Amino acid sequence: MAKVKSIILFLILSVLCAFTVRSQSDFYDADSIREVRIYFKEGNWDYILDSLHQYVGEDGRLLGDVMVEGKMFRNIGVRYKGYSSFDPDVVKSPFNIDLEYNYNNQNYQGYTKLKLSNVIQDPSFVREVLSYEIARKYLPASKANFANVYVNDTLLGLYTNVEAVDKNFAGSRFGERDNTFFKGAPEHLIIPGGQNSNLTYFDDDTSSYKPYYKLESDDPEKAWPDLLRLIDILNNDTSHIDTILYIDRTLWMHAINYALVNLDSYIGYSQNYYLYMDNYGRFNPVMWDFNMSFGSFKETDGITAPPNGLTILKRKSLDPLKMLASTPLSPRPLIVNLLQNPTRKKMFLAHMKTIINENFRNNFYLTRGLELQNRIDQYVQNDTNKFYPYAQFHQNLDTTVGSGNNVFPGLRDLMEARIAYLDTFPGFQGAPVISEISHDPDFPAQGAQVWINAAVSGAGEVFLHYRYKTDAVFKSICMYDDGAHNDSVSGDGIFGAGIMTKGPVVQYYIYAQNDSAGMFSPERAAYEFYHIQPLFNSGDMVINELMSGYGMGNSQGCGLGGWIEIFNTTGESQDIGQLFLSDDPEEPLKWAFPDTVVAGQSFIVVWADADTSQGKLHAGFSTNHEGGRLYLLDANTNVLDSVRYGLQSADRTYGRYPNGYGPFIFMQPSFAENNYIETLPAGSFVLFPNPATGNIYCELSNSGDIVSYKIYNSKGQHVISGYPCHKSSMGSEIVKIDISGLHIGLYLMVIETSNGLICNKFVIGQ
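Since the structure is predicted, the reported quantities are computational estimates derived from the model, not experimental observations.

About the thresholds
Residues numbered from 1 in each chain as written. Predicted model: local features only at pLDDT ≥ 70, side-chain atom pairs only at ≥ 80, totals over all residues. Heavy atoms only, no water. Buried < 20%, exposed > 50% of the residue type's maximum accessible area, 1.4 Å probe, protein only. Helix = DSSP H or I, 4+ residues; strand = E, 2+ residues; numbered from the N terminus. Contact = heavy atoms within 4.5 Å. pLDDT = per-residue confidence, 0-100. Salt bridge = Lys/Arg side-chain N within 4 Å of Asp/Glu carboxyl O. Polar contact = N/O pair within 3.5 Å; in protein donor to acceptor, adjacent residues only side chain to side chain. Pairing = 2+ DSSP bridges. Axes fitted to C-alpha atoms, helices over the stretch in contact; angles between N-to-C directions. Parallel < 35°, antiparallel > 145°, perpendicular 65-115°, else oblique. Left-handed = near helix turned anticlockwise from the far one by under 90°. Nonpolar A, V, L, I, M, F, W, Y, C, P; charged D, E, K, R; others polar. Phe/Tyr/Trp six-rings, centres within 6.5 Å; stacked < 30°, edge-to-face > 60°. Lys NZ or Arg CZ within 6 Å of the ring centre and 35° of its normal. Core = buried A, V, L, I, M, F, W, Y, C linked by side-chain atoms within 4.5 Å.

Okay, helix H2 (residues 45–55) next. Every buried residue belonging to H2 is among Trp-45, Leu-49, Asp-50, Ser-51 and Leu-52, and all of these are buried. Check the buried side of H2 and you find it contacts strand E2 (62–68), strand E3 (71–80), strand E4 (95–98), strand E6 (144–151) and strand E7 (154–163). Just beyond H2, the residue with positive phi is Gly-57, at close to 85°.

Take unusual backbone geometry next. Geometrically, the link from Ser-521 to Pro-522 is a cis peptide bond, its omega value of -5° lying close to zero. Mapping Pro-522 onto the fold places it in the loop between strand E20 (518–521) and strand E21 (530–532). Ala-526 follows Ala-525 through a cis peptide bond whose omega is 5°. On the secondary structure map, Ala-526 appears in the loop between E20 and E21. Backbone geometry at Asn-105 places phi at a positive 70°, although glycine is not the residue there. Inspection of the secondary structure assignment puts Asn-105 in the loop between E4 and strand E5 (113–117). Assessed through its relative accessible area of 43%, Asn-105 is described here as partly exposed. In this structure, Phe-294 takes a positive phi of about 55° despite not being glycine.

What follows concerns the confidence of the model for the chain. On average, residues of the chain carry a pLDDT of 88, and 90% of them reach 70 or more. Note on residues 1–23: pLDDT is under 50 here. Beyond four places in sequence and across chains, it has 68 contacts.

In total, this model carries 27 salt bridges according to the counting rule given. Across the pair Lys-167 and Asp-218 runs a salt bridge whose closest N-O atoms are separated by 2.1 Å. With Lys-167 in helix H4 (residues 167–174) and Asp-218 in the loop between strand E9 (213–215) and helix H5 (220–236), the pair connects residues that are 51 residues apart, well separated along the chain. Through salt bridges with shared partners, one network takes in Asp-31, Glu-133, Arg-368, Glu-371 and Arg-375.

Attention now moves to the side chain of Arg-34. Turning to its location among the elements, Arg-34 is positioned in strand E1 (residues 33–39). Of the residues examined, Arg-34 reaches a relative accessible area of 9% and is grouped as buried. In this structure the side chain of Arg-34 is engaged in a polar contact, spanning 3.3 Å, whose partner is the side chain of Glu-69. Apart from the residues lying within four places of it in its own chain, the contact partners of Arg-34 are Ser-25, Asp-26, Phe-27, Asp-29, Glu-69, Asn-145, Phe-146, Ala-147, Asn-148 and Asn-161.

Okay, the sheet that holds strand E8 (residues 181–184) next. With antiparallel pairing, four strands are arranged side by side in an open sheet as E9-E8-E10-E11. Two strands in the sheet have a free side with no partner beyond their single neighbour: E9 and strand E11 (283–287). The mean angle between the axes of side-by-side strands here comes to 25°, regardless of whether they run parallel or antiparallel. Running at roughly 150° to E9, H5 makes contact with E8, E9, strand E10 (273–277) and E11 of the sheet. Contacting E10 and E11, helix H6 (residues 247–259) runs over the sheet at an angle of about 20° to E11.

Hydrogen bonds between backbone atoms are what pair the strands of a sheet, whose relative direction is either parallel or antiparallel. Overall, antiparallel pairing links the five strands, which are arranged E28-E23-E22-E31-E32 in an open sheet. Of all strands in the sheet, those with a lone pairing partner are strand E28 (603–608) and strand E32 (664–667), marking the two edges. Adjacent strand axes in the sheet meet at a mean angle of 30°, parallel and antiparallel pairs treated alike.

Okay, the packing of H6 against helix H11 (residues 342–361) next. Where H6 contacts H11, the axes come no closer than 9 Å and their chain directions differ by 50°. Between H6 and H11, the crossing angle belongs to the class labelled oblique. Of the two possible hands of crossing, H6 and H11 adopt the one that is right-handed. Note on element contacts: H11 touches H6 through Arg-344, Met-347, Phe-348, His-351, Met-352, Thr-354, Ile-355 and Ile-356, opposite Ile-247, Asp-248, Leu-251, Trp-252, His-254, Ala-255, Ile-256, Tyr-258 and Ala-259. For the contact of H6 with H11, the residue count by class is twelve nonpolar, three polar and two charged.

This part is about the packing of aromatic side chains. Taken as a whole and judged by the stated rule, the model has 38 aromatic pairs. Counting every residue linked through ring pairs, the aromatic cluster contains Tyr-132, Phe-174, Phe-181, Tyr-274, Tyr-276, Trp-288 and Phe-290. One Lys or Arg, Arg-332, reaches over the ring of Tyr-266 and ends 5.8 Å from the middle of that ring.

The next subject is the nonpolar core. With 105 residues, the main nonpolar core has Tyr-213, Ile-355 and Phe-360 as its most contacted residues. In this view, Ile-355 contacts Ile-134, Tyr-138, Trp-252, Ala-255, Ile-256, Ala-259, Leu-260 and Phe-360; residues no more than four positions away in its chain are not counted.

This part is about the environment of Ser-548. As for its placement among the helices and strands, Ser-548 is situated in the loop between strand E22 (541–547) and strand E23 (562–568). Along the primary structure Ser-548 and Asp-264 are separated by 284 residues, whereas in three dimensions their C-alpha atoms are 61 Å apart.

For Asn-118, the position within the fold is in the loop between E5 and helix H3 (127–135). With 601 residues separating them in the primary sequence, Asn-118 and Val-719 have C-alpha atoms 31 Å apart. The residues contacting Asn-118, other than those within four sequence positions of it, are Ser-85, Lys-92, Ser-93, Pro-94, Tyr-159 and Phe-387. Side-chain polar atoms of Asn-118 contact the backbone oxygen of Lys-92, separated by 2.9 Å.

So, on to the pairing of E23. Counted residue by residue, E23 has seven buried out of seven residues, so it is predominantly covered. By the alternation rule, side chains of E23 split into Gly-562, Ile-564, Ile-566 and Asn-568 and Trp-563, Glu-565 and Phe-567, which are all buried. Inspection of the sheet shows E22 paired to E23 by six bridges, in the antiparallel sense. Each bridged residue has a counterpart across the sheet, and for Leu-546 the counterpart in E23 is Ile-564. Alignment of E23 against E28, held across six bridges, turns out to be antiparallel. Within E28, the position partnered with Trp-563 by the bridge is Trp-607.

Here it is as C-alpha cells:
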C-alpha cells in the first residue's frame, strides 16, 4: 500500500511544485545528429559483410554490438544494404541494423531497425532528409535525419538515418501492424525494359509474382492472393480499383515523384515502394529511398530515354503525363490505368501543383536545405570517406556539380527550371477557386442533418467527400448551386450539400474541377480534411477516476489538491472545449474546459484544487474527502456523465472498472491510464545512483522477471520505455537506462514483472 501512496504523492506533489521536465527527443528528430557505434569481433568484418551482401542477400547478417546514442545492444544482426548505393570497394557502405535479431521486442525508443544510407549520390547531403520532410506533408512517410556512424570506434562518416518501413511503421500509421504487406523490390533489377515491380498482370498463379515483390507480412497464404487481386483489378477491371487501392495516396505518390524528379522509384524502374493493406482492404503505397531524388538518379525505362539516361535538361522538363501519350518500355499500369480517367488525371496534377506551391515556389526547400546543411556542416567536414569534395557540399544546393557521367543537378537549378516548365503545363492553370467553407449548424446532434457550403468559382463540377471515422473510406456526393441545397440563391457561386451525421465525428474535403484543371480544399486532401464535431452523446466522454486531496501536500509545502480523470470512450480525437465540470447541480456550468483535444480512447486529468492560477487544467473547485457529486455537462447543461462519491481513502482512488463504462469502486491509482484492480505484487527494486545523470541502473530482487519498464515525468507523461538487457552475475536483474535526454526533475519508474507492477521514484540532478 505504501507503494501505491507513493505513486499518488509523486504525481500530485511533483506537478503542484512545478518541476520543469522535457521528454527525450525522438530518435529521428530532423534537427538532431545521432551517434551509432558498431562493434565487431572479426577484424575482417568488412570482407564478411561484402560477401554476405553479394552471396546471401538480405538474410545474411554478421553479429555485433551496437551502441545507439550511448545505449548498448548486444549480439545484433548487421548487414550492408542497397543496390546502386552499395559498392564493395568503398569504405562507407550503407547499413541495415536489426535490434531484434536475437531478442524479441528489443528496441530503441520503439524502433527495432536502423537504416543508414551512405549519401553516395548526393553531394549536397540533404536530398533524402528534405524529400521525406516534404512527403510527410501529404501521406504517411518515414522520418529521417543524420547519424555519425563508427565501426570499432573508427568514424566511417555522416549517414542519413531513415525510419524503417516495417511492422512498427504500419502500426503507428495505419493502426494495425499485421495486415498484408509487400515491398516493390525485384530479386534482380532488370534495366532497361525489365518487368521489375510494376504491377503488371501475368496470370492467376501467385508464384509468377514472387521474383518481383518481397513479402513483409507473416501470412503468405492470404498475402499473395491479396496482391494478385490488386494486380488483376488494376489491369483488367480498373472501374473497381477503388475497392482495393487507396487511389488518392497513389496519386500523391506519383505527384511527389514527378515534382521532385525522383526517378529511383515506380516512375523510373518500378521499385522502391511498399504496399500496405489497411483495415478497409485497400492497399496504401508507402514511398521509400529518396537518396537520389532531385534528379540525382537519371535512369528510367518509364519513357523512351537515351542510352545514358535522361539529360539534366530532360529531367527539368520531365513530363508527368508522358506515359499516357507514348508506351513506356516496360508497363506502368499504376500510372497509365489510373490517369486515363480524366478526373484522376486532374486530381494528380492538382496534387503536383500543391507540392510545387508549398515547397518550391516559396523557396521552402532552399531555406530548409540550408538549415540542414548548416547543422551538419562540421560533420561533413569531418567525414573523410564522403564521396565528393567538401566544396561541392554547399555548391550543390544551388548549382550542378560533378563531371562526366557523375553530374548532379543543383537543387535550385533543377527546381527553378522545373517550376517554369510546369507553369506552362496543361492542367496547372485555370483551376477553380474554393473559399468560404462552412457548415450549419456549428454543432449538429449525432444523427441529425448538417449542411456543408463553399463558395466556388470557375467550376463545372463540385464534389463533397466525407466519412464518419478516421482512416475510413471517403464517400462522394455532388454539391449544387441551385438554391435547393441550403446554398442561398441559384447561380450565386455558393454550393451546398447535406449529409446525416453518424457517430462522434464528420471529416470532409471538397474537390472542384472544370474542363482544364481541378482543385482541392484543403489542398492537402485527403491527407488533411475539415472536421465537424457533433454534440456529445451520453457516454462519449466520462468521468473515469477521481482522487480527493486528503492527506496530500502539507508536509511538502505544496497546496492540497485532488484530480479528476476524464476518458474519451470514442475512437476519435475530440475537442472538449464545449464541456463543463461542476460539483454543484445549482451551478452546472461551474468550470469550463479550455480548448483541448483528447485522442480517442485516451485520458485527460483535471486538477481539482480550486486554484485556476496554476494552469488551464486546474478547476475552480476541489474534490471533497467527505464525499460529493461531480457532473460532466455540455453547453446546453445536458449531463453526459455524473458520479456520487462518498468518504474517500488517502491511498485509493474511486474509479470505473472496467475502464470507461463499469461501476465505480475503490482501486489502485491509475493516473491517465486504464483502471485496474489487481493487487500490487511483493518485491522491490533499487535505483542507483539517485540522484542520477546520464544513466540510471535498476536492480531487482524477489520480483519476478522484468517484462518492461516505463518512466513518467512529473506531468504523468510517459517519456521512456524499454525491455531488460541483461542479468548480473549474482542472479538479480539489472537494467541500465539512458536518461541523458531528460531534464532535471522528479520521475517515476514503473516496472512490469511476471508478478505484476512495482514502482519507485528518482531524481535527475545536475
